[in-house]
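Report on the structure
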Amino acid sequence: MSNNCQPNGHTRVNNQPLFHITKRKALPWYYTWGIRGAAIVAALLTCAAVTSLLTGENPLEVFQTIGYGAFGTTRKTWILLQNLAILLCISLAVTPAFKMRFWNIGAEGQVLIGGLATAACMILLGDKVPNAVLIATMVISSIAAGAVWGGIPAFFKAKWNTNETLFTLMMNYVATQLVAFFVIVWEVPKGAGKIGIINQDTMAGWLPQIGDYKYLLNILIVAMLTVAMYVYLNYTKHGYEITVVGESERTARYVGIKVDKVIIRTMLLSGAVCGIAGLLLVGGTDHTITTTIAGGRGFTAVMVSWLAQFNPIVMVLTSFLLVFLDRGAGEISTVFALNHSFGDILTGIILFFIIGSEFFVNYQLNFRKNTGKEGKANV
Amino acid sequence: MNNKTAAVQMRNITKTFGSVVANDKVNLDIYKGEVLALLGENGSGKTTMMNMLSGIYFPDEGEIFINGQPTVISSPKDAFDHGIGMIHQHFKLVDVLTAAENIVLGLKEEGRLNIEAVAAKVKKICDAYGFEVDPYQKIYNMSVSQKQTVEIVKVLYRGADILILDEPTAVLTPQETDKLFAVLRNMRNDGKAVVIITHKLHEVEDISDRVVILNHGKFVGDLITAQTSAQEMTNMMVGRAVELNINRPEPVDPRPRVEVQGLTVRSSDGILKLDDVTFTANSGEILGIAGISGCGQKELLEAIAGLQRTESGTIRYIRDDGTAENLVGKDPLEIASMGVALSFVPEDRLGMGLVGNMDLTDNMMLRSFREGPSFLINRKKPRLLAEKVVKDLEVNTPGVSTPIRRLSGGNVQKVLLGREIASSPTVLLTAYAVRGLDINSSYTIYDLLTRQKQAGVAVIYVGEDLDVLLELCDRILVLCGGKVSGLVDGKTAEKHQIGMMMTKLGGEAANE
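Residues numbered from 1 in each chain as written. Chains lettered and ligands numbered in written order. Predicted model: local features only at pLDDT ≥ 70, side-chain atom pairs only at ≥ 80, totals over all residues. Heavy atoms only, no water.

**What about the overall build of chain A?**
- Along chain A, the regular secondary structure elements total 14 helices and 2 strands.
- In terms of overall dimensions, chain A has C-alpha extents of about 90 × 60 × 40 Å along its principal axes.
- Taking all 379 residues of chain A together, the buried fraction comes to 47%.
- In chain A, the share of contacts with a sequence separation of at least 24, taken over all contacts with a separation of at least 6, comes to 75%.
- When the accessible area of chain A is evaluated, it comes to approximately 18,200 Å², of which 66% is carbon and sulfur surface.
- Between the averaged position of the 27 positive side-chain charges in chain A and that of its 18 negative side-chain charges there is a distance of 14 Å. (Helix = DSSP H or I, 4+ residues; strand = E, 2+ residues; numbered from the N terminus. Buried < 20%, exposed > 50% of the residue type's maximum accessible area, 1.4 Å probe, protein only. Contact = heavy atoms within 4.5 Å. Areas by Shrake-Rupley, 256 points an atom, 1.4 Å probe, with all protein chains shown as cover. Lys, Arg positive; Asp, Glu negative; His and termini not counted. Charge placed at Lys NZ, Arg CZ, Asp CG, Glu CD.)

See the structure below:
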């Protein structure tokens, strides 16, 4: 950053930095969004340049293909919306924890365990109890399983101040191994190493389908969750406590908030919503369970939540952006016969610019004024 | 004295942080073979001055000469290159490494790391000055004093011949302090320049050859320690404050409200912070608490407010009807639910009293948000309160939806005090209520506190400006090292008397 040439002798050193970084004061909203808009334009231009240079394809065609991959057919649109719903659901789940500055990167495991609980109900109780009872059991057990998975690290954090990042991360592996174990226990047929579609003939425990739209129920549930989470975080006493604990534990204690209680309660909620995501995946769409049903979305959700600055409504946009790019990238690889990695490169460039723009929203660069005095000192 | 050569000359140094002037055209000389004490109250700019010498800050104006040569120091590395080493108040060591590893950390030496050679060199330095360091001991196994020794050896290892120690004795026991001072004397006799930043007079007398006094960022004096007295240094350190005219009405029907008896508090690492403190705060009266920073003021207020675990003693709250409650062991919520209306304006306004990222309305409801049976929060009353506080206390803000961190220090304090007073307390605890505020805001605060007193509130005012304490408070409790050094009447007490009591238990009478 600084013109860090070695000092020429001990007494004539001048490596005052070329510029220094200061935190910005408040910016008007149009200025902030101007910076972010400029970042997206710059990202698209960079993508176009990289595409032309590396592949020789017409960048406009590439962009068109991304759009087609996302919205090209009715089916593609529904898949996009379904992916959006699941990613958004997991993002909603991690948001209260992050707002409380509890680094829950265990959403992956919490989703898996919720899915596992759902699958267990479907397999063990399918055809033994009425379908309505079965679905109610699935809902309760998936939520409970997710909550427990989120609650364990929170309990240890609250009581013994263990590191939640490491703890939640490790819980992911435990969940994956549990799922792997039960996949073998319940595999159909024996030796297949996978469960296959559960209750394929009876459809017992499959969440109901609204009309002809396979994914509509998931989308509606997540839409309701989004509104609920927005209200919870911004207009309830719990949400207020979460904000205070996240901003300063000392302030929270000073006003008599029981920090331990808030941490555990919030993580139970966070895990429970992850459990719902597992329920929607297993009971709603996949009707089976594998170790990869969460598909890394537990981690992508962290980015969705941060980019939206923990605002559930804005998270609809940020999760849309990520799902859109992902779907588009997949399409590029098939249409242009490029490696799937090329799509990832474009996604990477766009995210780099978007996340990087936040730096310029919060900080500014002050360049050194070249006064005569310093000019002399530089001789 | 005259034949000594100046190792460092700082000329007309000015440093500002935003609108705060930390150092204002300060001149300072540091000589070889001498221990210099840099004396001043908190916020007088001592540490800022030395941070510019050690490359942490860069002066806005002024020049630094090292051995007579004009020098630009723009990084700690530059400082090391010029033989300047600073030992900070908060140690900068890596816990899981050994002493020797910490000592060579960051040094760019040729070839492979030879830890035995390092250990041998460390041993040589230790023998030369009388340190005791085991080069192979891990930092996390060390006591505070051992860690400090490692820090000192670290800068010596780098060839420092100008050593700056920022309040080195704050964390040491008296015996450890004696040991440290012995080592510092050895270094001085070896021709090194030693600067110790302090606000403890007896240490200045004990160790230093010369003393430079700063007050509110300005240079006030440069004295030979042997030719001055604690009296004179106190005068210069406290300074002549602006002519204050604080209205001090007689206490209103004073009755015991808070009775503290034999209160003893230890910090989480076992350091004794309050030692058998006993006093009574009356209603309708302002009780001032004077003392050098870190003498237990914070712990005392936090213990009363239910935020600090106590070791022994009682804190009794006495109601108007004579019934009493023990507040020890209760948290703030339990205290409030017993009907004890206790308000607390903490020292750390944005880190404890308020939430910087929340707006005025949300900050107003920090204490009251639980009201009502609804799961949802009602922002109507807090918003009205915020608007009222803004209007009554003339808070300068664009509106009540502005995040509080965007407000200036004085306005932040008005918001905090406004909220605490709005709950009509019977006890009001304030810690450094006017720190960092300009004269006008300070007057507003004094006025508010006096009005609370007239309304029958027991006000406890922890302050650092003795002139203000003497004009504002009815009685002043003086703390020294966590003990009660004395209790004086605000109307009759002398500033010097309090100053002596702050530095020595019981003031002049005691002979330590």
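**Here's the deal with the side chain of Gln297(B)**
Residues and elements named next belong to chain B.
- With respect to the helices and strands, Gln-297 occurs in helix H9 (residues 297-304).
- Only 2.9 Å separates the side chain of Gln-297 from the backbone nitrogen of Cys-295, close enough to count as a polar contact.
- Side chain to side chain, Gln-297 and Tyr-432 meet in a polar contact 3.5 Å long.
- When residues no more than four places from it in sequence are discounted, the contact partners of Gln-297 are Ile-289, Gly-291, Ile-292, Tyr-432, Val-462 and Leu-479. (Polar contact = N/O pair within 3.5 Å; in protein donor to acceptor, adjacent residues only side chain to side chain.)

**With respect to a nonpolar patch on the surface**
Residues and elements named next belong to chain A.
- On the surface, a nonpolar cluster with roughly 520 Å² of combined accessible area is contributed by Ile-21, Phe-359, Phe-360, Tyr-363, Leu-365 and Phe-367.
- Ranked by the residues each element gives to the nonpolar patch, the list is headed by strand E2 (residues 363-367), at 3 residues.
- Counting through the fold element by element, Leu-365 comes out in strand E2.
- Overall, the relative accessible area of 31% leaves Leu-365 in the partly exposed class. (Patch = residues over 30% accessible without salt bridge, like charges linked within 9 Å, V, L, I, M, F, W, Y side chains within 5 Å. Salt bridge = Lys/Arg side-chain N within 4 Å of Asp/Glu carboxyl O.)

**Topic: the pairing of strand E11 (residues 256-266) of chain B**
All names here are of chain B.
- Here 7 bridges tie E11 to strand E12 (residues 272-282), and the two strands are oriented antiparallel to one another. By the bridge assignment, Val-260 is partnered in E12 with Phe-279.
- Linkage of E11 to E12, two consecutive antiparallel strands, is achieved through a turn of 5 residues, within which Gly-270 is found at a positive phi near 85°. (Pairing = 2+ DSSP bridges.)

**Brief notes about the interface of chain A and chain B**
- With 27 residues of chain A at the contact, the number on the chain B side is 42 residues.
- Of the roughly 3,000 Å² buried at the junction of chain A and chain B (both faces included), carbon and sulfur atoms supply 56%.
- Interface area lost by chain A to chain B is led by Lys237(A), Tyr240(A) and Tyr254(A), which between them contribute 30%.
- Counting across the chain A and chain B interface gives 2 salt bridges.
- Note that Asp348(B) is salt-bridged to Arg250(A), the shortest N-O span being 3.1 Å.
- Remark: the boundary between chain A and chain B carries 21 residue pairs in polar contact (both at pLDDT 80 or more). (Buried area = accessible area lost by both parts, 1.4 Å probe.)

**Notes on the sheet that holds strand E13 (residues 285-290) of chain B**
All names here are of chain B.
- The sheet built from 6 strands is open, its strands ordered E16-E17-E18-E13-E19-E20 with mixed pairing. Two strands close off the open sheet at either side, each with one partner strand: strand E16 (342-345) and strand E20 (483-489). When the angles between neighbouring strand axes are averaged without regard to direction, this sheet yields 15°.
- Pairing of strand E19 (residues 475-480) with E20 involves 6 bridges; the strand directions are antiparallel. Paired with Cys-480 across the bridge in E20 is Lys-483.
- Seen against the sheet, helix H17 (residues 495-503) touches E13, E19 and E20 and runs at an angle of roughly 30° to E19. (Axes fitted to C-alpha atoms, helices over the stretch in contact; angles between N-to-C directions.)

**A few points about the environment of Asp326(A)**
Residue and element names in this part refer to chain A.
- Along the chain, Asp-326 turns up in helix H12 (residues 312-335).
- What makes Asp-326 partly exposed here is its relative accessible area of 44%.
- Between the alpha carbons of Asp-326 and Gln-309 there is a distance of 21 Å; along the sequence they are 17 residues apart.

**A few points about the packing of helix H4 (residues 107-125) of chain A against helix H6 (residues 164-185) of chain A**
All names here are of chain A.
- Interhelical geometry of H4 versus H6 gives an angle of 30° and a closest axis separation of 8 Å. For the element pair H4 / H6, the angle class is roughly parallel. Like other packed secondary-structure pairs, H4 and H6 cross with a definite hand, here left-handed. Only Asn-172, Ala-175, Thr-176, Leu-178, Val-179 and Phe-182 of H6 make contact with H4, whose side of the interface consists of Ala-107, Glu-108, Gly-109, Leu-112, Ile-113 and Leu-116.
- For the contact of H4 with H6, a count of residues per class yields 8 nonpolar, 3 polar and 1 charged. (Parallel < 35°, antiparallel > 145°, perpendicular 65-115°, else oblique. Left-handed = near helix turned anticlockwise from the far one by under 90°. Nonpolar A, V, L, I, M, F, W, Y, C, P; charged D, E, K, R; others polar.)

**Some thoughts on the confidence of the model for chain B**
Residue and element names in this part refer to chain B.
- Summing up the model confidence of chain B, the mean pLDDT is 86 and the portion of residues at 70 or higher is 93%.
- When pLDDT is averaged over each element of chain B, strand E18 (residues 458-462) comes out on top at 95 and helix H8 (residues 230-238) at the bottom at 77.
- Predicted complex metrics record ipTM = 0.78 and pTM = 0.73. (pLDDT = per-residue confidence, 0-100.)

**Brief notes about helix H8 (residues 237-247) of chain A**
- The buried count for H8(A) comes to 9 of 11 residues, which makes it a mostly enclosed element.
- Elements in contact with the buried residues of H8(A): helix H3 (74-99), helix H7 (216-235), helix H9 (249-254) and helix H10 (259-286) of chain A together with helix H12 (360-364) of chain B.

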